[in-house]
Amino acid sequence: MARIIRQEQANQLSFLLEQPEEVLIEFCKLAIEYINSGINEKKCTVAAKKLSSTYDTVRGALEALVALLIDSTKMAISEREFYTVLQTSLLNIHEKQSEILWQFITSKRNLVDNVLRASCQDELYFRDLEWRIEGRIASRSLRSQATPVIKMKFHLDTECVSEYREKLHSMPVDAVEEQEGTKKQDNHTRKEVLAETDPTMLQHMIQVLEQALLEARTRRVRNYVKPVQS
């Protein structure tokens, strides 16, 4: 079961659950305005005065509500899973409040999907990797064993392309010239990142990546990736 509500977020949402249902509905409207145009400080200040609370408390509750909407949309959570998550994380929630939140989530999924896709247009994709090992060999001046350093250059690109596109060797001259022109045009989409590490940290990085690959095969991740790729 996905745990989409963290403890801090649950504490912030509990403020809304102590209010009348009409207040929760108004905060759902403010959350949509937050996604479309950012925080409305004036409305948050007015809400804080009406609810006899502080601006920070109101803003925290609003941001927690926005996070709930985004995370639920990302995970494509089902109605049954959503109610289970609410009952597990928010012990003082009522049935009517759960219904309001679920209606809020389902009615704005398309909006959140569009916002998430637009925000990922400039996302960098992995294109290639260069690496080398550097170390000092047979130096008597060292009092301790030298640790080799692994240096890496990550080639990233905002354009997602096939990893084999630029590794074709047999090309006619015209095709090569055309490809060179394409490279010049695509240079503004590319980025190179230099990094270095030691063998211990490299082993840890490998373990983290392998764990990520295993999690990528789970149903929860597939439910998120499928609507994003469609």
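Every chain's residues receive numbers from 1 upward, in the order its sequence appears when written. Confidence filtering applies because this is a predicted model: local features only for residues at pLDDT of at least 70, side-chain atom pairs given and counted only at 80 or more, and all residues used for totals across whole chains, interfaces and linings. Only heavy atoms go into the side-chain values, all of them from the structure, while hydrogens and water stay out.

### Some thoughts on the nonpolar core
Only buried residues count toward a nonpolar core. Its members are Ala, Val, Leu, Ile, Met, Phe, Trp, Tyr and Cys residues joined through side-chain atoms within 4.5 Å. Exposure is judged per residue with a 1.4 Å probe applied to protein chains only, and the accessible area is read against the type maximum: over 50% gives exposed, under 20% gives buried, and values in between give partly exposed. Core analysis: the largest hydrophobic core is formed by 41 residues, its most contacted members being I5, F27 and L65. Helix and strand assignments come from DSSP, with helices taken as H or I runs of at least 4 residues and strands as E runs of at least 2, each series counted from the N terminus. Counting residues per element, the ones that place at least two in this core are α1 (7-17), α2 (21-37), α3 (41-50), α4 (55-74), α5 (79-89), α6 (95-107) and α7 (109-119). Here I5 is in contact with A10, L13, L68, V85, L86, S89 and L90, once residues within four sequence places are set aside. When checking whether two residues touch, look at their non-hydrogen atoms; a contact exists if any pair is within 4.5 Å.

### Thoughts on α4
The end-to-end C-alpha separation of α4 is 28 Å, in line with the 28 Å expected for 20 residues at 1.5 Å each. In the segment just after α4, A76 is the residue with positive phi, at about 50°. In this analysis, the expected span of each helix is defined as 1.5 Å times one less than the number of residues it contains.

### What about a negative patch on the surface?
Exposure above 30% relative accessible area and the absence of a salt bridge qualify a residue for a patch, where like charges join within 9 Å and nonpolar side chains (Val, Leu, Ile, Met, Phe, Trp, Tyr) within 5 Å. Here the Shrake-Rupley method, with its probe set to 1.4 Å, supplies the accessible areas, and only the displayed protein chains count as covering residues. When a carboxyl oxygen of Asp or Glu lies within 4 Å of a side-chain nitrogen of Lys or Arg, that pair is called a salt bridge. Positive charge is attributed to Lys and Arg, negative charge to Asp and Glu, and no charge count is given to His or to the chain ends. Taken as the charge location is NZ of Lys, CZ of Arg, CG of Asp or CD of Glu. Taken together, E21, E22, E79, E95 and E99 make up a surface patch of like negative charges. The set of elements that each furnish at least two residues to the negative patch consists of α2 and α6. Along the polypeptide, E22 turns up in helix α2. For E22, a relative accessible area of 55% translates into the label exposed.

### A few points about the packing of α2 against α4
Between α2 and α4, the least distance of the axes is 9 Å, while the angle of their chain directions is 75°. The pairing of α2 with α4 is recorded here as roughly perpendicular in orientation. The residues of α4 that touch α2, namely those facing F27, C28, L30, A31, I32, Y34 and I35, are V58, A61, L62, E63, L65, V66 and L69. Gly is put with the polar residues, along with every residue not named as nonpolar or charged; the nonpolar set is Ala, Val, Leu, Ile, Met, Phe, Trp, Tyr, Cys and Pro, and the charged set is Asp, Glu, Lys and Arg. Taken together, the residues of the contact of α2 with α4 sort by class into 13 nonpolar, no polar and one charged. The axes are straight lines fitted to the C-alpha atoms, using for helices just the contacting stretch, and the angles between their N-to-C directions are given from 0 to 180°. Roughly parallel means an angle under 35 degrees; roughly antiparallel means over 145; roughly perpendicular covers 65 to 115; every other angle is labelled oblique.

### Details of the confidence of the model for the chain
Of all residues in the chain, 74% have pLDDT values of 70 or greater, and the mean over the chain is 77. Note on residues 162-173: pLDDT is under 50 here. Beyond four places in sequence and across chains, it has ten contacts. You can read pLDDT as the predictor saying how much it trusts each residue, on a scale of 0 to 100.

### Considering the sheet that holds strand β3 (residues 190-197)
On the basis of which strands lie adjacent, the open sheet formed by three strands has the order β1-β2-β3 and antiparallel pairing. Either end of the sheet is taken by a strand with one partner, and the two such strands are β1 (125-134) and β3. Looking at each pair of strands side by side, their axes are set apart by 15° on average, direction ignored. Examined bridge by bridge, β1 and strand β2 (residues 149-157) share nine bridges and lie antiparallel to one another. Looking at the pairing, W131 lines up with M152 of β2. Two strands pair under a simple rule: DSSP has to find at least two bridges between them.

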